[in-house]
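Close look at the chain arrangement
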Amino acid sequence: MILVAAGAALIDVVAVRAGRPAAAWRRHLTGELGTRPVDDVWMLTGAAVATAVGLWLIVLALTPGLRHQLPLRTPTPGVRACLDRDGAADLLRDAAMQVPGVSTARIRVRRHRVKARADVRFRDLQQVKDDLTAVLQEERDRLALARPPRIAVRVRRRTD
């Protein structure tokens, strides 16, 4: 809704800059705002709401988020625990390197998906992919994440 209102205002401003007259809604709004006194109840209410929204947006911009952390399942309801995504990626990469045939593995952990890319030196690609998927699913389950992400595995043959 705000995006639509901002887009309409932008289109109208561009039209005015191009030499066309302002839209009727904008002329009406500027007329109303120009004739009302500053101490009017509606003007003060609008200013207070705009100030509160602005302060809330500043607070949200300055507070750190938890997007880089994955929540864990806990046995007691009052306890909260998180695992860093980089830590989860390291654990999954260590597990992937234990699969026979995998020479290098790159793991990227997101909130809803784990992307694993592995280079295979020997063995059949499909066997390595199946083994790698099974190992990563087992390790993901051992992490005890509250919302376990899907696992996407890609393997390729390395010959150099």
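Cut-offs applied
Residues numbered from 1 in each chain as written. Predicted model: local features only at pLDDT ≥ 70, side-chain atom pairs only at ≥ 80, totals over all residues. Heavy atoms only, no water. Helix = DSSP H or I, 4+ residues; strand = E, 2+ residues; numbered from the N terminus. Buried < 20%, exposed > 50% of the residue type's maximum accessible area, 1.4 Å probe, protein only. Contact = heavy atoms within 4.5 Å. Areas by Shrake-Rupley, 256 points an atom, 1.4 Å probe, with all protein chains shown as cover. Axes fitted to C-alpha atoms, helices over the stretch in contact; angles between N-to-C directions. Parallel < 35°, antiparallel > 145°, perpendicular 65-115°, else oblique. Left-handed = near helix turned anticlockwise from the far one by under 90°. Patch = residues over 30% accessible without salt bridge, like charges linked within 9 Å, V, L, I, M, F, W, Y side chains within 5 Å. Salt bridge = Lys/Arg side-chain N within 4 Å of Asp/Glu carboxyl O. Lys, Arg positive; Asp, Glu negative; His and termini not counted. Charge placed at Lys NZ, Arg CZ, Asp CG, Glu CD.

As a further point, take the overall build of the protein. Helices and strands together make up the secondary structure of the protein, namely five helices and five strands. The helix and strand sequence of the protein, counted from the amino end, reads α-α-α-β-β-α-β-β-α-β. Counting only C-alpha atoms, the protein reaches 80 × 45 × 20 Å along its principal axes. Among the 160 residues that make up the protein, the fraction classed as buried is 20%. Long-range contacts, defined here as pairs at least 24 residues apart, represent 47% of the contacts in the protein between residues at least 6 apart. If you sum the accessible surface of the protein, you get close to 11,900 Å²; carbon and sulfur atoms cover 61% of it.

Quick look at the packing of helix α4 (residues 85–97) against helix α5 (residues 125–143) now. Close contact between α4 and α5 brings their axes to 9 Å; oriented N to C, the two are set at 140°. By the angle class used here, α4 and α5 are oblique. Once α4 is placed against α5, the crossing between them reads as right-handed. Mapping the contact onto sequence places A88, L91, L92, A95 and A96 in α4 and L132, V135, L136, E139, R140 and L143 in α5.

A cluster of basic side chains, namely R108, R110, R113, K115, R117, K129, R150 and R154, defines a positive patch on the protein surface. Of all the elements in the fold, those that place two or more residues in the positive patch are β4 (113–120) and β5 (150–157). Considering each element in turn, the positive patch owes the most residues, three residues, to β4. Within the secondary structure, K115 is located in strand β4.

Once that is clear, we can look at the pattern of salt bridges. Tallying each qualifying case throughout the model produces nine salt bridges. For E32, the salt bridge goes to R36, with nearest N and O atoms at 3.4 Å.

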